[in-house]
Structures are given as structure tokens and as C-alpha cells.
Amino acid sequence: MASALRYSAKMRMVARVPAARALSTTARLGAAEKPFFPNEPAGPTLATAIPGPKNKAAAAELDEVFDVRSMNMLTDYNKSVGNYIADLDGNMLLDVYAQIASIPVGYNNPHLKEVTKSPEMVNALINRPALGNFPSADWAHILKTGALKAAPKGLNQVFTAMAGSDANETAYKAAFMYYRQLQRGGPEVEFTEEELQSTMNNQGPGSPQLSILSFKHAFHGRLFGSLSTTRSKPIHKLDIPAFDWPQATFPMLKYPLEDHVQENAQEEQRCLQEVERLIKEYHNPVAAVMVEPIQSEGGDNHASPAFFRGLREITKRNKVLFIVDEVQTGVGATGKFWAHDHWNLESPPDMVTFSKKAQTAGYYFGNPALRPNKPYRQFNTWMGDPARALIYRGIIDEVERLGLVENTRITGEYLYSGLERLAQKYPEHFQNLRGKGQGTFIAWDTPKRDEFLVKAKSVGVNIGGSGAQAVRLRPMLVFQKHHADILLESLEKIIKLL
């Protein structure tokens, strides 16, 4: 009660001094909860409006040499710590957007700082190997003790890449090569002269008209191949030539789920039937189905484990590869290390792509036949980055040491319960609340979404959106219950400002 009175008094003081506000929300640590970052602030603090004068001046300077039109805020990373992001004007915000879901273990994590000082890191940075030709002697050790230590069940090999789009495109290439290899009769069958000559003219049979099936509202990246599977927003795709590839409907579920069980099951069955029809009938044969466990950029759209089990069954029956894009959902965000672990599949996906919270990128696979039958078919100079692979190993160590997947599951349940209470109190602002049982991977729709995101900064929270009207939460794995309390209080303040 005393802390609430102190907070109330401070907010009355803030209201009297609009030009230089100071906001502080007292963190309420449960008896059993110890902070992962003891040096974090107790809550957000606001010294100026956002953006403040220093941020505006720095943005103007940057605009002279770099496109800043998509900029959220200029950041002082030296002062950012744990779950808090600092700007140049002394503002400290609770960050539940986390660099578009890509910061796993907090800003300026001490363990990752130590990783950067290791001889392995120095070697990787100053002698950056061209991994396909000149891998370092310890590359196998780095992979086995890092990326492969966290590999999805049933997948024991990895192809490393630079970013999520890169990971997805190399997975597509692997799928196409595998598909054609099956058609030829096996990896030992040599290419024909016609194939070798026609591919140089971008024609068949060397350059076949195959396809990757993706889903409406999907997002798989912004490079040429990945853009042809991205269906979230026109602005990503305009003016860019695209492949003639099919898109199926992703289930649009009704909420609350428990009130629409039969309708949602029928919707998912309809979508599964559409997927199978496209695989069988589309004029460019489908080599693989690509799907996100939760459609993130497209509006945080969910489907049930039964839907994804249905996809796995359809792809196996039709001899089509099943690729799961875990770029945004992977590495603990949903209360399991990999979101597809929620599905209880009888057989694993053929490939799982990753990036963001892994701080590196690539795809996992298990079938040896997904390795191309010749060298240089899946190749580029860097083929990933050993320095980033070392950071990923450090992240995995932190996740294990601190029990962060379980922390995310527990914190997510706590946060979701609080959001349910807000949804009951403000139903017009918290519509279609979703993500129950999915860790902190939570979202809801709101009619004033863009204004909501702007107002969030005015109460000390950095938050993001997705799709046309969704507010999405993407906190770090070190987000705890006392952060959830601060967030819930802040969300109610935002509602009152709208």
C-alpha cells in the first residue's frame, strides 16, 4: 500500500511538470522470484517526450546518410540493461518488443560479454573464415556444443546462414534439389546435358517450374525467393518480380477458443483440405510446404496442434517436404525451446529454420539426402558466421543455466491471466486475446492500434504491432512476473490515454 501511495504521489508530480517528466513504477518481486538483472531499474523512467531533442538531432544527422523512415527510436545501448532500452535523452523504457523478438537474454548480458572476450571469438572475428572452403579447426566443436546442442528432436545436422530470409531461401533450395533428385532416381544419377545447358538460360528442365506452398498472411523474409512466400503486407513485395507459387488459407480462429471449438475445428479442416488440393493440382509442382507455428508479422495468427499434425500427415502422404519457419517463434519464446514441440508430432519436420533469438541463422535437418549430391550447390562465401554461432552457444548456456524456457512458460501464464482481466474490463481495447499456453508469445487486436503503440512510449513501454490491428508482445526470455506487473499497469494507463 505504501509503495502504491508513493507511486501515486510521484505521478501527481509528473502531471504538474509536463516538460520534464519522471516516471517510475515500483517492481514487485514475488518472494521466490530473484531478478536475473539486479542492476535493472525498478521501472521505466521518462525524462523527456519521445522522441526527445537529442534523439531528434541524432536522427536528422543519420538521415543524411541512412534511411530513417522505418526507425522506431535511436538507442543508447551502453545504458540499456536487461529488459530496459534507453534512448539518447535519458528515457528508459520497458522493452517488450526486443529488437523485433531477437534479444533473448537481455541487453548487456554479462555472460555474453564474457563470450565476446574468448580466444575463439577473437579468432572468428579477425580471421572470419569462408566456412565452405576454409572452416576453422574447431568449427565442428562449436556446432556440436552450440547450435546442435539445441537442435529440434530428430534433426541432427545444420546448415548455417546469415539471417532469417537467408535461412529460408537455403531451405527452399534444399527442398528443390531433393525433389529433383527423387525424380531422377537418386543422388548418384548424373545431370543430363540438356539440364546443364538449359539452366544457363533459366529454362527447363535444368531450371524447373517447381514451387513452395505458403499461407496467406505468412511472412518468411524479404529476399527474392522468400518474398514469393511472404504474404503479409503489399509494401514488402511491390515492384519485385515473384515466382508463381501457391498460397493456402491459414486458419482464422475465433476467440475465446473454448467458445468456438466446433467452428474452429471446421475452419482448420477446410484449410487442410485446401492445402492437399493445391499440392495435388497446382500447375507448378509443390516441393515443400512452409509454415510458421504462429504467423507473426501477418497478425499473430494461431492454429491448433491438430492443424499442424494434419499438415505433417498431408506432406508425408504426398511426398512433399514440411518446413517449419521458427525464425520468430524459436529459442524459448513460446514456453518450449521450439514452438513446434507443442504439436506432439509423430515424425519431426523435414527442416526447421531459425534466426532472431539465436542471434545467428540457418536450418536444421535430419535426412542425409537433404545434403546436395554435389559440392557448391548449397554454398556462399561466409555460409554463416562463426562469431554469431559462438553467441548462440552462449545464449543456449544462459537459457539452460537460468531455466529461461520454464521462466517464460510460468511468466507467460501469469501475464496472460492479467491480460484476461484487462480484456474483461476493457473489451473494446483487448479483442481476440490469444497466445494462452504459448509462453509470452501473446497478442490481441485493438481498433486504435497505431495510436496505442505511440501512447505506450509515453508511459515508458516499447511495444510492437503486427498485421492490421494486432498488438504483439515479444519480451525477452528474462522477462519476469514483476515486469509483467509493470506492463499490465502500463497497459491500463495507455487505455485511459486513448
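Keep in mind it's a predicted model, so treat the numbers as computed, not measured.

### Regarding the overall build of the protein chain
Working step 1: Broken down by element type, the protein chain carries 15 helices and 14 strands.
Working step 2: Taking the principal axes of its C-alpha atoms as reference, the protein chain extends roughly 80 × 60 × 45 Å.
Working step 3: Contacts in the protein chain between residues at least 24 apart in sequence constitute 72% of all its contacts with a sequence separation of at least 6.
Working step 4: By element, 55% of the accessible surface of the protein chain is carried by carbon and sulfur atoms, the whole surface being about 22,900 Å².
Working step 5: Averaging the locations of the 57 positively and 53 negatively charged side chains of the protein chain gives two centres separated by 4 Å.

### Focus on the confidence of the model for the protein chain
Working step 1: Per-residue confidence for the protein chain gives a mean pLDDT of 93; residues scoring 70 or more make up 94%.
Working step 2: Note that pLDDT drops below 50 for residues 1-31; the model gives that stretch 37 contacts with residues more than four away or on any other chain.

### A closer look at the sheet that holds strand 1 (residues 84-86)
Working step 1: Ordered by their spatial adjacency, three strands build an open sheet running 1-2-12, and the pairing between neighbours is mixed. In this open sheet, the two strands that pair with only one neighbour each are strand 1 and strand 12 (461-462).
Working step 2: Bridge count between strand 1 and strand 2 (residues 92-95): three bridges; the pairing is antiparallel. Bridge pairing links alanine 86 to methionine 92 in strand 2.

### Notes on a nonpolar patch on the surface
Working step 1: Side chains of Val122, Leu125 and Ile126 sit close together on the surface and give an oily, nonpolar patch of about 310 Å² of accessible area.
Working step 2: Assignment of secondary structure puts valine 122 in helix 5 (residues 119-126).
Working step 3: By relative accessible area, valine 122 is classed as partly exposed at 42%.

### Some words on the packing of aromatic side chains
Working step 1: A complete count under the given rule lists 21 aromatic pairs for this structure.
Working step 2: An angle of 15° between the planes, with centres 5.5 Å apart, marks the rings of phenylalanine 159 and tyrosine 363 as stacked. Taken together, the residues span a long stretch of sequence, with phenylalanine 159 in strand 3 (residues 157-161) and tyrosine 363 in strand 9 (residues 361-365) at a distance of 204 residues. The pair formed by phenylalanine 159 and tyrosine 363 is uniform in burial state, with each residue classed as buried.

### Regarding the sheet that holds strand 10 (residues 431-434)
Working step 1: The strand order across the open sheet formed by four strands is 10-11-14-13, and the pairing between neighbours is antiparallel. Looking along the sheet, the strands with just one partner apiece sit at the ends: strand 10 and strand 13 (464-466). Adjacent strand axes in the sheet meet at a mean angle of 25° when their direction is disregarded.
Working step 2: Relative to strand 14 (residues 470-472), strand 13 runs antiparallel, the two sharing three bridges. Bridge assignment links serine 466 to a residue of strand 14, and that residue is alanine 470.

### Comments concerning the packing of helix 13 (residues 404-425) against helix 15 (residues 481-497)
Working step 1: Interhelical geometry of helix 13 versus helix 15 gives an angle of 20° and a closest axis separation of 9 Å. As summarised for this structure, helix 13 and helix 15 are arranged roughly parallel, according to the angle between their axes. Viewed along their axes, helix 13 and helix 15 form a crossing whose handedness is right-handed. Every residue of helix 15 that contacts helix 13 at Ile410, Thr411, Tyr414, Leu415, Gly418, Leu419, Leu422 and Lys425 is listed here: Lys481, Ala484, Asp485, Leu487, Leu488, Leu491 and Glu492.
Working step 2: Broken down by class, the residue content of the contact of helix 13 with helix 15 amounts to nine nonpolar, two polar and four charged.

### What about the packing of helix 10 (residues 261-281) against helix 11 (residues 305-317)?
Packed helix pairs are specified by the crossing angle of their axes together with the interaxial distance, meaning the distance between the axes.
Working step 1: It is at 10 Å that the axes of helix 10 and helix 11 come closest, and there the two elements cross at 20°. Taken as axis vectors, helix 10 and helix 11 run roughly parallel relative to one another. The way helix 10 lies across helix 11 gives a crossing that is right-handed. Taken together, the residues of helix 11 that come into contact with helix 10 (itself represented by Glu268, Cys271, Leu272, Val275, Glu276 and Ile279) are Phe307, Gly310, Leu311, Ile314 and Arg317.
Working step 2: Considered class by class, the residues forming the contact of helix 10 with helix 11 number seven nonpolar, one polar and three charged.

### Some points on the side chain of threonine 329
Working step 1: You can see threonine 329 is positioned in the loop between strand 7 (321-325) and strand 8 (351-354).
Working step 2: The buried category is assigned to threonine 329, whose relative accessible area is 2%.
Working step 3: Separated by 2.6 Å, the side chains of threonine 329 and glutamate 326 make a polar contact.

### What about the nonpolar core?
Working step 1: One finds Phe215, Phe307, Leu311, Phe337, Met351 and Tyr392 to be the most contacted residues of the largest nonpolar core, which totals 85 residues.
Working step 2: In this structure, tyrosine 392 is in contact with Ala147, Ala150, Val331, Phe337, Trp338, Phe354, Ala358, Thr360 and Tyr364, ignoring residues within four places of it in sequence.
Working step 3: Counting residues in hydrophobic clusters, the runner-up holds 31 residues, among them Ala86, Met92, Ala423 and Tyr426.

What counts as what
Residues numbered from 1 in each chain as written. Predicted model: local features only at pLDDT ≥ 70, side-chain atom pairs only at ≥ 80, totals over all residues. Heavy atoms only, no water. Helix = DSSP H or I, 4+ residues; strand = E, 2+ residues; numbered from the N terminus. Contact = heavy atoms within 4.5 Å. Areas by Shrake-Rupley, 256 points an atom, 1.4 Å probe, with all protein chains shown as cover. Lys, Arg positive; Asp, Glu negative; His and termini not counted. Charge placed at Lys NZ, Arg CZ, Asp CG, Glu CD. pLDDT = per-residue confidence, 0-100. Pairing = 2+ DSSP bridges. Patch = residues over 30% accessible without salt bridge, like charges linked within 9 Å, V, L, I, M, F, W, Y side chains within 5 Å. Salt bridge = Lys/Arg side-chain N within 4 Å of Asp/Glu carboxyl O. Buried < 20%, exposed > 50% of the residue type's maximum accessible area, 1.4 Å probe, protein only. Phe/Tyr/Trp six-rings, centres within 6.5 Å; stacked < 30°, edge-to-face > 60°. Axes fitted to C-alpha atoms, helices over the stretch in contact; angles between N-to-C directions. Parallel < 35°, antiparallel > 145°, perpendicular 65-115°, else oblique. Left-handed = near helix turned anticlockwise from the far one by under 90°. Nonpolar A, V, L, I, M, F, W, Y, C, P; charged D, E, K, R; others polar. Polar contact = N/O pair within 3.5 Å; in protein donor to acceptor, adjacent residues only side chain to side chain. Core = buried A, V, L, I, M, F, W, Y, C linked by side-chain atoms within 4.5 Å.

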